[in-house]
Amino acid sequence: MFIVWWLFVGLIAGYLTGKIMKGHGYGVLPDIVVGIVGSLVGGIVMRMCGFADDEGLLYTVFAAFLGSIILTWRIRRTAGNQSSRF
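Residues numbered from 1 in each chain as written. Predicted model: local features only at pLDDT ≥ 70, side-chain atom pairs only at ≥ 80, totals over all residues. Heavy atoms only, no water.

Draft legend 1. Up close: helix H3 (residues 57-79). Along its 23 residues, H3 runs 32 Å from first to last C-alpha, staying within 8% of the 33 Å computed at 1.5 Å per residue. For H3, the complete set of buried residues consists of Tyr 59, Thr 60, Val 61, Ala 63, Ala 64, Phe 65, Gly 67, Ser 68, Ile 69, Leu 71, Thr 72 and Arg 76. (Helix = DSSP H or I, 4+ residues; strand = E, 2+ residues; numbered from the N terminus. Expected span 1.5 Å × (residues − 1). Buried < 20%, exposed > 50% of the residue type's maximum accessible area, 1.4 Å probe, protein only.)

Dropping the structure here:
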C-alpha cells in the first residue's frame, strides 16, 4: 500500500509540475518519476526548514510538488534548456 501511496503522490506532483512550469513535459511516466524523486527532495527541503513530515495528504502533495519543481528546474538547467523558465 505504501508504494501505491507514493505513486499516487508522485503522479499528482508530476502532473502539477508539468502544468505549472512552462515548456513541454517529459511524458506521463517520466513526470511520475520526477514527481516521486521530487517528493524525496521536497521532504528533505521541508524537513530542513523545520516542518514535520506527518502533516497529512495536502502537506505531502505540497512537499512533493515543491521538490518536483526544484528537480525539474535543475534538470532543465543541467540539460541546457534555458528557454524553459517559470
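Draft legend 2. Highlighting the confidence of the model for the protein chain. On average, residues of the protein chain score 75 in pLDDT, and 77% of them are at 70 or above. Mean pLDDT values for the elements of the protein chain range from 77 in helix H1 (residues 2-20) up to 82 in H3. (pLDDT = per-residue confidence, 0-100.)

Draft legend 3. Examining a nonpolar patch on the surface more closely. Judged by side-chain polarity, Trp 5, Phe 8 and Leu 57 come together as a nonpolar surface patch covering roughly 270 Å² of accessible area. Within the secondary structure, Trp 5 sits in helix H1. Taking the relative accessible area as the measure of exposure, Trp 5 reaches 34% and is therefore partly exposed. (Patch = residues over 30% accessible without salt bridge, like charges linked within 9 Å, V, L, I, M, F, W, Y side chains within 5 Å. Areas by Shrake-Rupley, 256 points an atom, 1.4 Å probe, with all protein chains shown as cover. Salt bridge = Lys/Arg side-chain N within 4 Å of Asp/Glu carboxyl O.)

Draft legend 4. Expanded view of the environment of Gly 10. By the element assignment, Gly 10 lies in helix H1. Taking the C-alpha atoms as reference points, Gly 10 and Ile 32, separated by 22 residues in sequence, lie 5.2 Å from one another. Sequence-distant contacts of Gly 10, that is, excluding residues within four places in its chain, are made with Asp 31, Ile 32, Gly 35 and Ile 36. (Contact = heavy atoms within 4.5 Å.)

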